[in-house]
Amino acid sequence: MLTTCTTDWRTSQRRCRQAPHFSSFQPISGAKEIQPRLRLPTMLANGDPLFLTGVTFPSEYHASPETLVKLTVYDAKDKNQESSSLVGSATFSVGELLRAKDERLTLSLRYSDGACAAGTVVVSRLKMGEMEEVDVDHITTDVPSHKCPLVCESASHAGIDRENNPPTGPVFKNPICKVYRFQTEDSKWMLVREQMEECTLSFSVPKQLLSLYIQEDMSRVQDLRELGELSPHWDNLRKEVMTRYGGIISSYQETFAELDKITGRSFKPSCCKAQKSLQFIPINLHTQRMRVTCPKKTDAFYDIVTVGAPAAHFQGFKCGGLQRLLSRYEAEKKSFSTAYQCIYYSPQHTAKAQEVLSTMSLLQPLITSLAEQLLQAAQEHSCPGLRDALKNLSDKTEQFVHTLKDELVKSALLALHAARPGYVSKSQKQNPAQGGQHQGRVLQGAEQSPSPAQGLPGHSPATSTTDGTAMCNNVDGSQNPHPLMRGEGAPLKHQDSIPHHKEYDEEEWDRVWANVAKCLNCVIAMVDKLLEEDNSKQEPVPEQQQQQQQLADVIISHNPGTWKEQLCPLVTRLKECVMEVVEKARRGMTFVLLQEAACSIPQGFLLQQRRDVVFSQALAALACGFVMRLYAGMQDQGFLRQLHLVGLVAQFESLLSTYSEEIGMLEDMEVGISDLQRVLFQITEAQTDDFRDLQPLVCGRRDHFTVEVPLPRLVFQSLPAEIREGKPLRVFPVMFNVGINEQQTIAERFGDITLQERINQRNFETLEAYYKSLSEKLPLECLPSFQTQADLKELLETLGQNVVTKKRKNVEILWIAATICRRLNGIRFTSCKSAKDRTSMSVTLEQCALLRDEHQLSKDFFIRALDCMRSRLTQGDVGQWDDPEAGGPTDNKPASRHFYPIALLLVSSHLLVVWLILSLVFLLAKYQ
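Scope of this entry: the structure provided in the associated data block.

Conventions used here
Residues numbered from 1 in each chain as written. Predicted model: local features only at pLDDT ≥ 70, side-chain atom pairs only at ≥ 80, totals over all residues. Heavy atoms only, no water. Phe/Tyr/Trp six-rings, centres within 6.5 Å; stacked < 30°, edge-to-face > 60°. Helix = DSSP H or I, 4+ residues; strand = E, 2+ residues; numbered from the N terminus. Buried < 20%, exposed > 50% of the residue type's maximum accessible area, 1.4 Å probe, protein only. Pairing = 2+ DSSP bridges. Axes fitted to C-alpha atoms, helices over the stretch in contact; angles between N-to-C directions. Parallel < 35°, antiparallel > 145°, perpendicular 65-115°, else oblique. Left-handed = near helix turned anticlockwise from the far one by under 90°. Nonpolar A, V, L, I, M, F, W, Y, C, P; charged D, E, K, R; others polar. Core = buried A, V, L, I, M, F, W, Y, C linked by side-chain atoms within 4.5 Å. Contact = heavy atoms within 4.5 Å.

### What about the packing of aromatic side chains?
Right, so step 1: Counted according to the given criterion, the structure contains 12 aromatic pairs.
Right, so step 2: Between Tyr 252 and Phe 280, the aromatic rings sit 5.4 Å apart at their centres with planes inclined by 90°, giving edge-to-face as the arrangement. Placement of Tyr 252 in helix H3 (residues 232-261) and of Phe 280 in the loop between H3 and strand S9 (286-293) is noted, with a sequence separation of 28 residues between them. There is no split in this pair, since Tyr 252 and Phe 280 are both buried.
Right, so step 3: Look at Phe 732 and Tyr 770: their rings are 5.1 Å apart centre to centre, the planes differ by 55°, and that puts the pair in the tilted class. Highlighted residues: Phe 732 in strand S15 (residues 729-737) and Tyr 770 in helix H19 (residues 754-777), separated in sequence by 38 residues.

Okay, structure coming up:
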């Protein structure tokens with residue numbers, strides 16, 4: 001039961017601050033007294049103030065008709081209420097309130113000695129959803145600024161009506177709830193509930209990522225050790241790279257240990273944004289849900305996630321952000337390869353090497369498991385089980401072979417062979433004359449034997465090798481080059497091609513991975529033969545199946561016995577071939593990554609750490625939004641269908657300026673949001689309904705992460721079959737940025753905003769492509785309906801026009817993008833530097849705009865509603881901390897909603913321009 005107390009207290013003419021104090025207790029000996037926490041607006045210098053507030057009973061306290069409630073009013077002398085005097089108190093029971101006419105009591109305030117004091121208190125009961133029966137005329141006062149629509153504020157779950165309210169999810173805690181009443185255009189009253197919560201994923205996701213980063217880097221170090229013996233040059237580079245990896249691992253382990261010590265906290269305040277131990281944690285990650293209840297209408301919910309811009313604040317922005325640093329790094333990497341005598345691999349090659357390693361790590365154990373399932377089905381003599389196991393094994397093995405059928409793997413193995421000490425010693429045994437003859441013979445042979453590097457992207461045009469460049473596998477650093485070749489006899493520089501050696505059997509790799517396909521064919525032929533023998537009905541078979549049966553007959557003639565006995569040798573051979581391929585490919589791809597890492601020392605490792613930090617913050621926010629959106633749409637079949645057919649769009653609204661250090665933050669955020677494309681989600685069934693078993697889990701590597709979201713068993717069983725079967729769910733991140741502060745005014749007039757324009761244009765194209773894919777796979781009738789029935793296609797066209805329009809502080813981009821996101825069932829995020837001032841301004845304005853457009857909020861109440869949502873909490877509420885940026889005690893995130901007046905910003909910007917002009921005139925006059 002939600003009980004709300006309405007206080008109407010009038011005092012004599014004096015300048016004072018009044019603050020009531022609520023407490024309740026049971027009329028029995030030893031009963032525990034509780035003090036529901038609430039807030040009242042303080043009124044200064046007014047002889048007839050009116051207070052309107054609400055109070056709820058905590059969930060652990062069971063109120064009964066005999067429960068007594070005591071209201072105490074104090075006169076607060078100063079802002080912090082440190083010195084106050086008692087004005088009066090009143091006591092009533094819950095039963096008296098319930099039995100009163102209209103469930104309303106008028107009480108007189110009295111001193112402790114019983115003497116009557118000035119003022120009365122009106123207490124009424126308010127039921128959620130019964131606004132039409134509530135008489136609110138009594139809240140009107142002669143002073144318009146004293147009309148406060150806040151009727152309830154709670155810092156516990158007891159103040160949240162759970163009926164018909166979809167849960168936000170098990171990863172949210174410490175809710176703060178505000179309830180308002182606003183008048184609609186038809187003179188009725190709507191109830192608006194704001195609920196803000198913290199998210200446990202702020203710490204759990206970064207900790208899981210740190211653990212995965214450590215495991216991946218340790219695995220990389222182990223792979224480097226297993227490369228085998230290398231020439232002294234390559235061995236020195238390997239040692240240096242391993243040392244760098246060791247430093248990153250040590251740093252991440254230290255950070256993980258520091259995070260493991262933190263208990264109780266579930267978000268990082270903005271004052272800690274540059275703290276090293278918390279650099280992986282997102283800033284001020286909170287969720288905001290607005291629930292609107294209107295008479296005779298279905299409740300509506302609007303969710304938004306607020307978070308500080310994902311950026312490496314600890315590392316700083318002196319040299320820019322990730323986008324600029326990565327562009328500069330790729331441009332300089334070729335010169336690094338020359339300095340370190342390495343082979344230059346393009347970013348596409350490096351990404352492909354990481355993809356091959358990741359795919360092999362996933363498919364190799366899966367193939368082994370499926371092979372065991374095939375043998376188990378053969379042992380059980382199960383024909384359906386044998387068919388299903390064979391089908392799965394064939395699909396995964398074909399995928400495995402297709403992944404490794406890449407020229408990069410073959411080229412990498414050739415390069416690794418050229419880096420062996422044996423190859424170097426053979427080169428050194430040649431005298432200079434012989435070396436020249438040998439080089440000539442090899443180059444001549446190259447005209448008929450093209451290099452596997454030919455045709456690969458990222459290589460430079462053919463040039464002569466007579467430049468005297470030092471070769472990477474030359475032990476003594478002499479100028480004798482390797483025989484590097486490309487088709488048509490045009491040799492390349494060492495950093496632009498893959499080494500080629502005529503003594504290496506180039507067909508060996510082709511034979512190795514081809515053996516996997518041959519072994520699979522033998523297994524398929526054997527299974528078909530066994531199933532054919534078991535089938536009593538003989539049917540004519542095509543010629544291809546006859547050939548497979550003949551092959552199986554030959555195999556069976558040498559392996560008579562049960563199904564398992566006949567299949568076991570073939571399956572074992574298949575697993576051996578797969579393992580052999582994995583070992584060779586792993587060494588080749590590790591050598592590619594070794595050269596890439598050696599060319600990037602030390603800048604590449606610093607950039608990787610920065611990228612890890614930014615991605616960690618972005619993924620924590622995305623996981624938070626996904627869980628909230630998933631729980632909110634659990635009963636929406638159209639949403640669930642969209643989820644597994646197309647995926648969800650995650651729209652990040654950024655309010656960063658393109659000036660000073662915020663440029664670096666924006667460049668960091670752009671890369672971090674873009675990296676979220678590598679993330680997939682998967683819904684799983686939780687083992688139990690315990691809170692710990694419902695926490696999302698992160699797995700994978702840097703090039704690909706999967707977030708598993710466990711759901712309770714009953715909820716999981718209600719999902720579509722595609723989701724229950726573990727289908728990966730995609731998220732399409734898009735980001736739109738429009739700076740709105742005074743620094744953006746300077747940037748637009750005197751600076752450069754091309755970064756913002758490029759971000760908006762690129763992400764508009766992504767959003768447009770998502771809409772096209774959605775409209776092809778899903779009827780638009782499955783999308784939610786709104787009062788503003790603007791066509792989605794028209795909204796996209798309008799957004800595209802605004803993106804290319806040269807207009808200062810074009811916030812239309814943000815409003816239209818937010819509207820499109822909600823129409824597409826997307827996830828909304830709002831960010832600024834610290835997710836405080838600008839973020840709160842944007843969120844509250846968006847909420848009031850939704851009330852106006854979707855729920856007919858009265859025009860007279862719009863500014864009033866906006867001011868009330870943006871009001872600061874008074875001292876004395878829950879969740880306080882000392883924020884150095886605020887200069888004193890502040891409340892939780894709503895407490896940071898202090899805003900610069902718009903007029904002041906405009907005036908200050910114009911004054912700045914005037915000051916600059918006058919300064920320029922003064923300087924010109926001075927030096928004439």
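### Structural notes on the pairing of strand S13 (residues 697-701)
Right, so step 1: Of the strand pairs in this sheet, S13 and strand S14 (residues 704-711) are connected by 5 bridges, and their pairing is antiparallel. From the neighbouring strand, Leu 697 faces S14, where its bridge partner is Glu 708.
Right, so step 2: Counting the residues that bridge the hairpin from S13 to S14 gives 2 residues.

### Digging into the packing of helix H5 (residues 347-379) against helix H6 (residues 383-404)
Right, so step 1: One way to put it is that H5 packs onto H6 with a least axis distance of 9 Å and a crossing angle of 160°. On the basis of the axis angle, H5 is roughly antiparallel to H6. Crossing angle aside, the handedness with which H5 passes H6 is left-handed.
Right, so step 2: Taken together, the residues of the contact of H5 with H6 sort by class into 16 nonpolar, 7 polar and 2 charged.

### Some remarks on the nonpolar core
Right, so step 1: With 147 residues, the main nonpolar core has Leu 374, Phe 400, Leu 567, Phe 626 and Ile 683 as its most contacted residues.
Right, so step 2: Every residue in contact with Ile 683, bar those within four places of it in the chain, is listed here: Phe 626, Leu 630, Val 709, Leu 711, Phe 716, Leu 719, Ile 723 and Leu 729.
Right, so step 3: Phe 736, Tyr 770, Leu 799 and Ile 813 belong to the second-largest nonpolar core, a separate cluster that totals 26 residues.

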